[in-house]
Amino acid sequence: RGLVARPGALGTTQRTTTTVVAPRRARTPRGGGAPRGLVALRITTVDETGAPVLDFHRCPLLPAREDRPEDGPPGSDAIAAIPADLPADRLDEVTPTGWELAPLRELGGPSAADLAPGTRFALEARETVTAATELARLTLNVALTHTDAAAGTAGRRLVYGGHVIGIAAAHLTRVVPALATILAWRSCDHLGPTFEGDRLATSVEVEDVTPLPGDGTGARVGLRVRCDVDDPVAGPRPVLDWRLVALVP
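## Thoughts on the environment of Ile182
In step 1: With respect to the secondary-structure elements, Ile182 resides in strand S8 (residues 181-190).
In step 2: Owing to a relative accessible area of 26%, Ile182 belongs among the partly exposed residues under this scheme.
In step 3: Taking the C-alpha atoms as reference points, Ile182 and Leu244, separated by 62 residues in sequence, lie 7.2 Å from one another.
In step 4: Ignoring any residue separated from it by four or fewer positions in sequence, one finds Ile182 in contact with Trp242, Leu244, Val245 and Ala246.

## Observations concerning unusual backbone geometry
For residues that are not glycine, phi is negative in most cases, and the peptide bond is trans in most cases.
In step 1: Backbone geometry at Ala131 places phi at a positive 55 degrees, although glycine is not the residue there.
In step 2: With respect to the helices and strands, the residue Ala131 is situated in the loop between strand S7 (127-128) and helix H2 (132-138).

## A word on the layout of surface pockets
In step 1: When its volume is computed, the second largest pocket comes out at roughly 220 Å³.
In step 2: Around the second largest pocket sit 15 residues that line it, and Thr95, Pro96, Thr97, Leu212 and Pro213 are the ones nearest its centre.

## Description of the nonpolar core
In step 1: One finds Leu172, Leu223, Leu240 and Trp242 to be the most contacted residues of the largest nonpolar core, which totals 30 residues.
In step 2: Elements represented by at least two residues in this core include exactly helix H3 (161-175), strand S9 (199-211), strand S10 (219-231) and strand S11 (235-248).
In step 3: What Trp242 contacts, discounting residues up to four positions off in sequence, is Ile165, Ala168, Ala169, Ile182, Trp185, Ser187, Cys188, Leu223, Arg224 and Val225.
In step 4: Listed in part, the ten residues of the second largest apolar core include Val4, Leu86, Leu212 and Leu247.

## Observations concerning the pattern of salt bridges
In step 1: Under the criterion given, the structure shown has 14 salt bridges.
In step 2: The partner of Arg157 in a salt bridge is Glu196, with the nearest N and O atoms 2.5 Å apart. Here Arg157, found in the loop between H2 and H3, pairs with Glu196, found in the loop between S8 and S9; they are 39 residues apart in sequence, far enough to count as distant.
In step 3: In this structure, Arg224 engages Asp241 in a salt bridge whose closest nitrogen and oxygen atoms are separated by 2.5 Å.

## Examining the pairing of S8
In step 1: Relative to S8, strand S1 (residues 3-5) is paired through two bridges, and the arrangement is antiparallel. Within S8, the residue paired with Leu3 across the bridge is Trp185.
In step 2: Bridging between S8 and S11 involves eight bridges; their strand directions are antiparallel. What sits directly across from Ser187, in S11, is Arg243.

Rules used in this analysis
Residues numbered from 1 in each chain as written. Predicted model: local features only at pLDDT ≥ 70, side-chain atom pairs only at ≥ 80, totals over all residues. Heavy atoms only, no water. Helix = DSSP H or I, 4+ residues; strand = E, 2+ residues; numbered from the N terminus. Buried < 20%, exposed > 50% of the residue type's maximum accessible area, 1.4 Å probe, protein only. Contact = heavy atoms within 4.5 Å. 1 Å grid on protein atoms, 1.4 Å probe; cavity = no way out; pocket = protein on both sides within 12 Å on 5 of 7 lines; lining within 4 Å. Points joined across faces, edges and corners; volume = space filled by probe spheres on them. Core = buried A, V, L, I, M, F, W, Y, C linked by side-chain atoms within 4.5 Å. Salt bridge = Lys/Arg side-chain N within 4 Å of Asp/Glu carboxyl O. Pairing = 2+ DSSP bridges.

If you want it as structure tokens, here you go:
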């Protein structure tokens, strides 16, 4: 939640700090299995001057000790207290100034003036998930379920969550080719597992549009990107719900 990214220049030296906000025992997997836990982490990255580059919360699922007792019920701990949205001043801090956005409109597709809250797009093309194991290795992800089908409860290799987000981002640029950059994430929830060979279908909804000050050459656009696994037998299965803020000319 609440990922805010400030554009950085080449040569910048960055330092990242990870803080444990709250742990919570997760429900036992279907069919049994080792105990697991959710851990809310706050990730902050600053440059050599101490200026913020990244600041967000993430909540990975990790193995838990057998002797760890169940924590409080969902919604009663610090995980539920993590802010669910971004204040306008934080978005102002990361919105670049002086960018020439108008030339991007030549790429076609909708511009900021064409987008309004409630506008929806459904991408016709589906994307088959491939090379999932290779991407997990490149990102130094050591979770066995991404490389060993026998390590998971489904008997299939689980796709790294960042892989699904990357496909969703690629789909978003097909819907809005002129998109200049993604400024922030309001939230990003993985709703279910994605496996190698799954076909992803993506839809995009405009949540809000905030024109940039000045000559009106663009806007900050709140977008909600949803991905479903397009299963020809079982039907659509939701796997990603991503709410972000993009800079659109």
